[in-house]
Amino acid sequence: MDFARIRQYAHQHCRFKLRGGKEIFGVVWEVETSESVGGAGSKRLFFASVRDYEQLQRSGTPVHVIPMQPEEIVAVESLAS
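What counts as what
- Residues numbered from 1 in each chain as written.
- Predicted model: local features only at pLDDT ≥ 70, side-chain atom pairs only at ≥ 80, totals over all residues.
- Heavy atoms only, no water.
- Helix = DSSP H or I, 4+ residues; strand = E, 2+ residues; numbered from the N terminus.
- Buried < 20%, exposed > 50% of the residue type's maximum accessible area, 1.4 Å probe, protein only.
- Areas by Shrake-Rupley, 256 points an atom, 1.4 Å probe, with all protein chains shown as cover.
- Lys, Arg positive; Asp, Glu negative; His and termini not counted.
- Charge placed at Lys NZ, Arg CZ, Asp CG, Glu CD.
- Pairing = 2+ DSSP bridges.
- Core = buried A, V, L, I, M, F, W, Y, C linked by side-chain atoms within 4.5 Å.
- Contact = heavy atoms within 4.5 Å.
- Salt bridge = Lys/Arg side-chain N within 4 Å of Asp/Glu carboxyl O.

A. Molecular detail of the overall build of the protein. Secondary structure summary: the protein contains 2 helices and 5 strands in total. Each helix (α) and strand (β) of the protein, taken in turn from the N terminus, gives the series α-β-β-β-α-β-β. Across its three principal directions, the C-alpha atoms of the protein cover 40 × 30 × 20 Å. Out of the 81 residues in the protein, the part that is buried amounts to 27%. Of the roughly 5,400 Å² of accessible surface on the protein, 50% is carried by carbon and sulfur atoms. If the 10 positive side-chain charges of the protein are averaged to one point and the 10 negative ones to another, these points end up 4 Å apart.

So, in structure tokens, the structure goes:
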């Protein structure tokens, strides 16, 4: 899956099916990083459980965040109410 399709599910509680068949529940978001060479930015995708994501939003304290590759996600379903 690409960033454009995942972007509509960013910052929402979702169920993600990964390439290996595993299902995970949580939140993904995209972060644009600045590269020091040439000043070109790159996009990175991160995943956290809903609880960890909410803690990160409230307090900014470190939580268990997992970098993800968009290609690993084969399906997504929003669980946000």
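Back to the text.
B. The arrangement of the pairing of strand 1 (residues 14-18) in detail. Taking every second residue as pointing to the same face, the buried face of strand 1 carries C14, F16 and L18, while none of R15 and K17 on the other face is buried. Of the strand pairs in this sheet, strand 1 and strand 2 (residues 23-34) are connected by 4 bridges, and their pairing is antiparallel. Paired with F16 across the strands is I24, a residue of strand 2. Note that strand 1 and strand 5 (residues 73-78) share 5 bridges and pair antiparallel. Paired with F16 across the strands is V76, a residue of strand 5.

C. Looking closely at the nonpolar core. Listed in full, the 12 residues of the largest apolar core are I6, Y9, C14, F16, L18, I24, V28, L45, F47, M68, I73 and V76. Ranked by the residues each element gives to this core, the list is headed by strand 1, at 3 residues. Apart from residues lying up to four places away in sequence, V28 is in contact with I6, Y9, A10, H11, F16, L45, F46, F47 and M68. In this structure, V27, F46, A48 and Y53 belong to the second largest nonpolar core, which totals 5 residues.

D. View of the side chain of D52. Note on placement: D52 falls in helix 2 (residues 50-59). Comment: no salt bridge for buried D52; closest opposite-charge side chain is R51, at 5.8 Å. Not counting chain neighbours up to four residues away, the residues in contact with D52 comprise V63 and H64.

As far as function goes, none of this settles anything; it's purely spatial.
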